[in-house]
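Residue strings, one per chain:
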Amino acid sequence: MSLDSNSSYAAPEDWRAYSGVLSRRVFAFLVDYLFIGLLWIPAAVVVFFLGILTLGLGWLLYPILFFVVAGLYFGMSLAGSSQSTPGMRMMGIAMVRLDGRKIDFVTAIAHLALFWILNSVLTPLVLLAGLFIERSRLVHDLLLGTAAVRTY
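Residues numbered from 1 in each chain as written. Predicted model: local features only at pLDDT ≥ 70, side-chain atom pairs only at ≥ 80, totals over all residues. Heavy atoms only, no water.

**Remarks on the UniProt feature "domain: RDD" (unreviewed entry) in the chain**
- UniProt records the feature "domain: RDD" (unreviewed entry) for residues 22-144 in the present numbering.
- Segment residues 22-144 splits into 67% helix and 4% strand. End C-alpha atoms: 17 Å apart. (UniProt positions renumbered as here; feature names shortened; annotations may be inferred. Helix = DSSP H or I, 4+ residues; strand = E, 2+ residues; numbered from the N terminus.)

**Looking at the pairing of strand β2 (residues 146-150)**
- Counting buried positions along β2 gives 4 out of 5 residues, so the element sits mostly inside the fold.
- In this structure, strand β1 (residues 93-97) lies alongside β2, joined through 5 bridges in antiparallel fashion. Across the sheet, the residue bridging to Ala94 is Val149, located in β2. (Buried < 20%, exposed > 50% of the residue type's maximum accessible area, 1.4 Å probe, protein only. Pairing = 2+ DSSP bridges.)

**Focus on the environment of Tyr33**
- Mapped onto the secondary structure, Tyr33 falls in helix α1 (residues 21-53).
- Here Tyr33 falls in the buried class, since its relative accessible area comes to 18%.
- Along the sequence, Tyr33 and Ile117 sit 84 residues apart, while their C-alpha atoms lie 17 Å from each other.

**Regarding the packing of helix α2 (residues 62-78) against helix α4 (residues 105-122)**
- Across the interface, α2 lies against α4 with an axial gap of 8 Å and an inter-helix angle of 130°. Of the possible angle classes, the one that applies to α2 and α4 is oblique. You can see that α2 and α4 cross each other, and the crossing is right-handed. On the side of α2, the interface is formed by Phe66, Phe67, Ala70, Gly71, Leu72, Phe74, Gly75, Met76 and Leu78, while α4 contributes Phe105, Ala108, Ile109, Leu112 and Trp116.
- A per-class count over the contact of α2 with α4 returns 12 nonpolar, 2 polar and no charged. (Axes fitted to C-alpha atoms, helices over the stretch in contact; angles between N-to-C directions. Parallel < 35°, antiparallel > 145°, perpendicular 65-115°, else oblique. Left-handed = near helix turned anticlockwise from the far one by under 90°. Contact = heavy atoms within 4.5 Å. Nonpolar A, V, L, I, M, F, W, Y, C, P; charged D, E, K, R; others polar.)

**Quick notes on the pattern of salt bridges**
- Scanning all chains against the criterion turns up 7 salt bridges.
- One salt bridge connects Glu134 with Arg137, and the closest N-O pair in it is separated by 3.4 Å. (Salt bridge = Lys/Arg side-chain N within 4 Å of Asp/Glu carboxyl O.)

**Considering the nonpolar core**
- Residues Tyr33, Ile36, Ala43, Ala44, Val47, Leu65, Val69, Ala70, Tyr73, Phe74 and Leu112 constitute the largest nonpolar core, which totals 11 residues.
- For this core, the elements supplying multiple residues, two or more each, are α1 and α2.
- Apart from residues lying up to four places away in sequence, Tyr73 is in contact with Asp32, Phe35, Ile36, Leu39, Thr85, Pro86 and Gly87.
- Within the second largest apolar cluster, 9 residues are counted, among which are Val21, Ala28, Ala108 and Ala148. (Core = buried A, V, L, I, M, F, W, Y, C linked by side-chain atoms within 4.5 Å.)

Right under this line is the structure:
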């Protein structure tokens, strides 16, 4: 089964498109945050030199630097043509909207923000929702009308 990039972005009805998606999402999460950690290092170096140029004012970006890097990473990759992050591509999944529209940058950022908020409030137990909700969707997927599907 493949997600045809030329077709509409609607979620498929076939149950096989959602088989094993939850475990793939967990591994994609780990890969993506490894990449974000690696991208954070050069961003921190840039902020260091920016802080020198601005006489220390640029160093105020350090507390939010991880969130900026992660937001750009997820926003640009989920809103891209593959509708998936590099970790999701490695695990063979993509994000789709149930209404058939393409995921845009704002929806991708909202997806990330809701994940962080719900994960901090409900702890990682929020993943248990995927075991009981149709299409293995998580709570933030329900709120945004998205689903993760297999691409192979």
